[in-house]
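Working through the structure, step by step
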Amino acid sequence: MNNYKLNIEYDGSRYKGWQRLGDDKNTIQGKIEEVLSKMIGGEIQIIGSSRTDAGVHALNQVANFKTNKELDQFEIQDYLNKYLPNDINIKQVKITNENFHARYNAKEKTYIYKIWNKKYSNPFARKYSMHVQQRLDIRKMKEASNFFIGEHDFTAFSNAKSKKKSMVREIYSIDIEEKEGFIEIRIKGNGFLYNMVRKIVGALIEVGLRQMKAKDISRTINSKERNQINILADACGLYLEKIEF
């Protein structure tokens, strides 16, 4: 079997997320599989490293697919970019080890969250950031971010439905910086649960608005209760930035 690795970027604004949903093809996975299957002349399934939610973007999503056919990697890239919508771009196609698995081999993931923190909206950023009108206290947010670092049970910061799946994840770092009206929150860890990044950002926003104290983050994590966070950050502000293998 030949195994091909794809590096993908996409604007997730009009899609229902990465993961294919039954017969609904309005997903990133569904769109790519549809074009690949036509190119190869048979049904192709791709495996993505991260199942980004509806409306979430990716700067570097990674996926792989296998086929018995020997294909030129540059021809695959050209064909996909010719027939995919222009809000999905295949940045690179490479022949990779037969055992490579985009999801199971991922060791580290980095997400960026963008907040437009001005009184008035930014019409050019409304699909790509969350608008928070009130001034956020960056110092307090940085203080609160320290409580997330390390290995924890993140049940309180997830909407994952499976009770069998482990809720333990490790956060390596959270960096927060302000750039010309935007606040960028970069979160790096070994993996993330459903809605986990958006709930972490929501909690940081609550701290920044002084609706929650920084030290309450630790209590919330330990509670393992999902009703503690009042803000789920908008999907449009979230970007999958990088995956390490």
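Here, every reference points to the structure presented above.
The notes below deal with the structure included here. Quick caveat: nothing in here was measured; it's all calculated off a predicted structure. (Residues numbered from 1 in each chain as written. Predicted model: local features only at pLDDT ≥ 70, side-chain atom pairs only at ≥ 80, totals over all residues. Heavy atoms only, no water.)

Here's the deal with the overall build of the protein
Each helix and strand in the protein was counted, giving 5 helices and 10 strands. Radius of gyration (C-alpha) of the protein: 19 Å, near the 18 Å computed for a compact globule of 245 residues. For the protein, the spread of C-alpha atoms along the principal axes amounts to about 55 × 40 × 30 Å. In the protein, buried positions account for 50% of the 245 residues. Partitioning the contacts of the protein with sequence separation of at least 6, the portion at a separation of at least 24 is 71%. About 12700 Å² of surface is accessible on the protein, with carbon and sulfur atoms providing 44% of the total. (Helix = DSSP H or I, 4+ residues; strand = E, 2+ residues; numbered from the N terminus. Rg over C-alpha atoms; globule rule 2.2 N^0.38 Å. Buried < 20%, exposed > 50% of the residue type's maximum accessible area, 1.4 Å probe, protein only. Contact = heavy atoms within 4.5 Å. Areas by Shrake-Rupley, 256 points an atom, 1.4 Å probe, with all protein chains shown as cover.)

Examining helix 4 (residues 196-208)
Under the 1.5 Å per step criterion, the end-to-end length of helix 4 is 18 Å for 13 residues, consistent within 8% with the ideal 18 Å. When you tally the buried positions in helix 4, you get 13 out of 13 residues, the bulk of the element. Following helix 4 by one or two positions, Arg-210 adopts a phi angle in the positive range, close to 65 degrees. (Expected span 1.5 Å × (residues − 1).)

Notes on the environment of Glu-184
Mapped onto the elements of the fold, Glu-184 is located in strand 9 (residues 182-189). Here the alpha-carbon distance between Glu-184 and Ile-171, two residues 13 residues apart in the chain, equals 17 Å. When sequence neighbours within four positions are dropped, the list of residues in contact with Glu-184 reads Tyr-113, Lys-114, Asp-175, Ile-176, Glu-177 and Lys-179.

Side note on the pattern of salt bridges
Counting across every chain of the model gives 11 salt bridges. One salt bridge connects Lys-179 with Glu-184, and the closest N-O pair in it is separated by 3.7 Å. Residue classification places Lys-179 among the partly exposed positions, given a relative accessible area of 39%. Here Glu-184 falls in the buried class, since its relative accessible area comes to 13%. Measuring nitrogen to oxygen at the nearest pair gives 3.1 Å for the salt bridge that ties Lys-242 to Glu-244. Its relative accessible area of 43% is what places Lys-242 among the partly exposed residues. Connected through salt bridges with shared partners, the residues Glu-177, Lys-179 and Glu-184 form a single ionic network. (Salt bridge = Lys/Arg side-chain N within 4 Å of Asp/Glu carboxyl O.)

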